[in-house]
Amino acid sequence: MRFRGKIVDVVCIRKFDTIINAVSKIAKTCIMRLTPDKICLIMTEGSSVVGGPAAWGEIDQDSLFSEYNMEGVTTDHNEIHIEFSTDSMHKNITTLKSPNVRGLKMKLTKKKSVPNLTFEVTLSSSTSSRQVIHDIPVQTDLVLSRSTCLLGILQIHP
């Protein structure tokens, strides 16, 4: 599995931040389903029963990203499911609110055997430029994920 996306339009960066902010108010965890042409955000509360409150949102990747590359688990199943804590994501990417934001790169990485969604935020002013990196731990092996099973809308592949 590989994922890398880049957003250089400041309006799109603000839109992404607004989406993450909204998601963090709806649910404690979220599943991001990456496909070659869409990003789906799937939310449900872990304490809900089957058929309980849930939300689903789809974003065309080309409406946000200037660069978008992903390789799924296999060529037959070309998608990636990433589960993350919405609160952790929202708190860690507060640099997106800065008026000096000029770019955002998102990557699926592994640090000390733990999968992370890594955000590289480019900030620049009239005199300097710097990069801020945020690593957000995620779960990528969603076969046993409780929220995936509760939703019943994702197909689980062996």
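Every value quoted in this text rests on a predicted model; they were computed, and no experiment measured them. (Residues numbered from 1 in each chain as written. Predicted model: local features only at pLDDT ≥ 70, side-chain atom pairs only at ≥ 80, totals over all residues. Heavy atoms only, no water.)

Draft legend 1. Spotlight on the pattern of salt bridges. With the rule as written, the count across this model stands at 8 salt bridges. For Asp17, the salt bridge identified is with Lys97, shortest N-O distance 2.9 Å. Taken as a pair, Asp17 in helix H1 (residues 10-26) and Lys97 in the loop between helix H2 (86-92) and strand S7 (101-111) lie far apart in primary sequence, 80 residues in all. The class for Asp17 is buried, based on a relative accessible area of 8%. For Lys107, the salt bridge goes to Glu120, with nearest N and O atoms at 2.9 Å. Within this pair, whereas Lys107 is found in strand S7, its partner Glu120 is found in strand S8 (residues 114-124), the two being separated by 13 residues in sequence. (Salt bridge = Lys/Arg side-chain N within 4 Å of Asp/Glu carboxyl O. Helix = DSSP H or I, 4+ residues; strand = E, 2+ residues; numbered from the N terminus. Buried < 20%, exposed > 50% of the residue type's maximum accessible area, 1.4 Å probe, protein only.)

Draft legend 2. Fine view of the packing of aromatic side chains. Tallied over the entire structure, the rule returns 4 aromatic pairs. When the centroid spacing of 6.5 Å and the interplanar angle of 85° are considered together, the rings of Phe3 and Phe65 count as edge-to-face. You can see Phe3 sitting in strand S1 (residues 2-7) and its partner Phe65 sitting in the loop between strand S4 (54-60) and strand S5 (67-71), a full 62 residues away along the chain. Residue Phe65 is classed as buried on the basis of its relative accessible area, which comes to 7%. (Phe/Tyr/Trp six-rings, centres within 6.5 Å; stacked < 30°, edge-to-face > 60°.)

Draft legend 3. Quick peek at the sheet that holds S8. The strand order S5-S1-S7-S8-S9 describes an open sheet built from 5 strands, whose pairing is antiparallel. The sheet is open, and its two edges are formed by S5 and strand S9 (129-137), each paired on a single side. Each neighbouring strand pair of the sheet contributes to a mean axis angle of 15°, computed without reference to strand direction. Sheet contacts for H1: S1, S7 and S8; angle to S7, the most-contacted strand, approximately 50°. (Pairing = 2+ DSSP bridges. Axes fitted to C-alpha atoms, helices over the stretch in contact; angles between N-to-C directions. Contact = heavy atoms within 4.5 Å.)

Draft legend 4. A look at the pairing of S9. Of the pairings in the sheet, the one linking S8 to S9 comprises 9 bridges and is antiparallel in character. Bridged to Leu117 within S9 is Ile136. Once S8 ends, the chain turns through 4 residues before running back antiparallel as S9.

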